[in-house]
Amino acid sequence: MRGRRQDEAGSQEIAELASLADGSLSPERRAAVEARVAASPELADRLAEQERAVALARSVAAEVEAPATLRARVETQRRSGQARMPRRLVLAGAVATAATAVAALVIGLAVFSSSTSGERFHAALGPTELVPGADGTATLTKTSSGWRIELDATGLPRLEGGRFYEAWLRNDSGALVPIGTFNEGRNVTLWAGVSPKDFTTLTVTREQADGDQASSGEKVLVGMVDTGG
C-alpha cells in the first residue's frame, strides 16, 4: 500500500511539473510546486526537461506541413472532380493531425524519460597542478543504457590537432574505466557502463592520439562522486 501511494505521488508530481512547464498549472498550485523545484536540484532538472520538450513540441507543430504526396493526391482529386471535401479542409486536417501526433510523442517521451531517470548523483571536480585554474561539476544519471554523465568544466584550454581530454571512473583498487573524450569542457555528455557507486572517483586527463589507450596520467580535474553513502 505504501509503495502504491509513493507511485501515485510520483505520478502527480510529474503531471504537475508538466503543467508548470506548459503554463497550465493552476495559480493555487504554482507557488507550492515552484518552491519544491527551488529546493530540489533533481526536480529542477526534471522541470528543465519538460520545458525543453514543450518548446520542441511547439516548434515542431508550427513547422509541420502536409506531406508532398498528400498534397499531390488532393490536387489530382480536385482536378478530376473526385474530391469529396474542399482541398483546404483536407490539408488543414492533415497538418493538425501530424502536428498533434508529433507534439504528443515529444511530450510523452519527455515524461517517460523523467519518470524513469533512476538514480542520480553529483560530483564536484577540482583542479590539479597541471591546470590550477580549472574546475567543474558532473551529474551522473542512471538510464537503461548505462550512466549518462553531464560534465561542465571551466578553465580547460581547448585541445585539438590530435590532442584531447579523456574522462575516467576509478574504483578503490585503482581500476580505470574510460567514459569518453572531448576537446573543451562546456556541456559535455559522457557515458559509463559501470556504476559510480563502485567507481567513485571521476578524473579528466590530457591525452594524445598516439595509439596508446592507457591513461597518460596527466590529470587536469579530479573529484569524488557523492553517492550519499
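Rules used throughout
Residues numbered from 1 in each chain as written. Predicted model: local features only at pLDDT ≥ 70, side-chain atom pairs only at ≥ 80, totals over all residues. Heavy atoms only, no water. Helix = DSSP H or I, 4+ residues; strand = E, 2+ residues; numbered from the N terminus. Buried < 20%, exposed > 50% of the residue type's maximum accessible area, 1.4 Å probe, protein only. Contact = heavy atoms within 4.5 Å. Pairing = 2+ DSSP bridges. Axes fitted to C-alpha atoms, helices over the stretch in contact; angles between N-to-C directions. Core = buried A, V, L, I, M, F, W, Y, C linked by side-chain atoms within 4.5 Å. 1 Å grid on protein atoms, 1.4 Å probe; cavity = no way out; pocket = protein on both sides within 12 Å on 5 of 7 lines; lining within 4 Å. Points joined across faces, edges and corners; volume = space filled by probe spheres on them. Salt bridge = Lys/Arg side-chain N within 4 Å of Asp/Glu carboxyl O. Phe/Tyr/Trp six-rings, centres within 6.5 Å; stacked < 30°, edge-to-face > 60°. pLDDT = per-residue confidence, 0-100.

### Notes on the environment of Leu190
Link 1 in the chain: With respect to the element layout, Leu190 can be found in strand 6 (residues 188–192).
Link 2 in the chain: Classification of Leu190 as buried rests on a relative accessible area of 2%.
Link 3 in the chain: Considering only alpha carbons, one finds Leu190 and Ala138, 52 residues apart in sequence, at a separation of 9.8 Å.
Link 4 in the chain: Filtering out sequence-adjacent residues up to four positions away, Leu190 remains in contact with Trp147, Arg148, Ile149, Leu151, Ala167, Ile179, Gly180, Thr181 and Phe182.

### Some remarks on the sheet that holds strand 2 (residues 135–143)
Link 1 in the chain: If you trace the 8 strands from one edge of the open sheet to the other, you get 5-4-7-8-1-2-3-6, paired in antiparallel fashion. The sheet is open, and its two edges are formed by strand 5 (176–182) and strand 6, each paired on a single side. Within this sheet the neighbouring strands show an average axis-to-axis angle of 25 degrees, counted without direction.
Link 2 in the chain: Two strands pair when backbone bridges link them, and strand 2 and strand 3 (residues 146–154) are joined in this way by 9 bridges, in the antiparallel orientation. Bridge pairing links Lys142 to Trp147 in strand 3.

### Overview of the nonpolar core
Link 1 in the chain: Counting residues in hydrophobic clusters, the biggest one holds 27 residues, and the most contacted among them are Ile149, Leu151, Leu156, Phe182, Leu190, Val204 and Leu221.
Link 2 in the chain: Put simply, the parts of the chain that give this core at least two residues each are strand 1 (120–127), strand 2, strand 3, strand 4 (163–170), strand 5, strand 6, strand 7 (201–208) and strand 8 (219–226).
Link 3 in the chain: With 4 residues, the single largest contributor to this core is strand 3.
Link 4 in the chain: Once residues lying within four places of it in the same chain are set aside, the contact partners of Val204 are Leu151, Tyr165, Glu166, Ala167, Phe182, Glu218, Lys219, Val220 and Leu221.
Link 5 in the chain: Ranked by size, the runner-up nonpolar core spans 9 residues in total, among them Leu17, Ala21, Leu25 and Val37.

### What about the layout of surface pockets?
Link 1 in the chain: In this structure, the largest pocket spans a volume of roughly 180 Å³.
Link 2 in the chain: Along its surface, the largest pocket is lined by 10 residues, and Asp45, Glu49, Arg52, Arg148 and Glu150 are the ones closest to its centre.
Link 3 in the chain: Of all the elements in the fold, those that place two or more residues in the lining of the largest pocket are helix 3 (41–63), strand 2 and strand 3.

### Focus on the side chain of Thr203
Link 1 in the chain: Here Thr203 lies in strand 7.
Link 2 in the chain: The exposure class assigned to Thr203 is buried, which follows from its relative accessible area of 2%.
Link 3 in the chain: With residues near it in sequence (within four places) discarded, Thr203 still touches Glu166, Ala167, Trp168, Arg170, Leu221 and Val222.

### Observations concerning the pattern of salt bridges
Link 1 in the chain: In the structure shown here, the tally under the stated rule is 12 salt bridges.
Link 2 in the chain: Where Arg120 meets Asp45, a salt bridge forms, and the shortest distance between an N and an O atom there is 2.8 Å. Of this pair, Arg120 sits in strand 1 while Asp45 is found in helix 3, placing the two residues 75 residues apart along the sequence.
Link 3 in the chain: Between Arg158 and Glu184 there is a salt bridge whose closest N-O contact spans 3.6 Å. Remark: Glu184 occurs in the loop between strand 5 and strand 6 and Arg158 occurs in the loop between strand 3 and strand 4; sequence separation between them is 26 residues.
Link 4 in the chain: What you see here is one network of salt bridges that share partners, running through Glu16, Arg29 and Arg36.

### With respect to unusual backbone geometry
Link 1 in the chain: For Asn187, which is not glycine, the phi dihedral falls at a positive 50 degrees.
Link 2 in the chain: Residue classification places Asn187 among the exposed positions, given a relative accessible area of 69%.

### Focus on the packing of aromatic side chains
Link 1 in the chain: For the structure on display, the rule yields 2 aromatic pairs.
Link 2 in the chain: Measuring from centroid to centroid gives 5.6 Å for Phe121 and Trp147, while their planes differ by 15 degrees, and the two rings are stacked. A residue pair is termed long-range when its members are at least 10 positions apart, and Phe121 in strand 1 and Trp147 in strand 3 qualify at 26 residues. For the pair Phe121 and Trp147, one class covers both residues: buried.

### A closer look at the confidence of the model for the chain
Where the model shows low pLDDT, its predicted coordinates should not be examined in detail.
Link 1 in the chain: Averaged over all residues, the pLDDT of the chain equals 80, while 68% of them reach at least 70.
Link 2 in the chain: Confidence over residues 111–116 falls short of pLDDT 50; this stretch has 8 contacts with residues more than four positions distant or in other chains.

### Section: the environment of Gln213
Link 1 in the chain: Counting through the fold element by element, Gln213 comes out in the loop between strand 7 and strand 8.
Link 2 in the chain: Overall, the relative accessible area of 67% leaves Gln213 in the exposed class.
Link 3 in the chain: Considered as a pair, Gln213 and Pro178 are 35 residues apart in the sequence and their alpha carbons are 9.3 Å apart.

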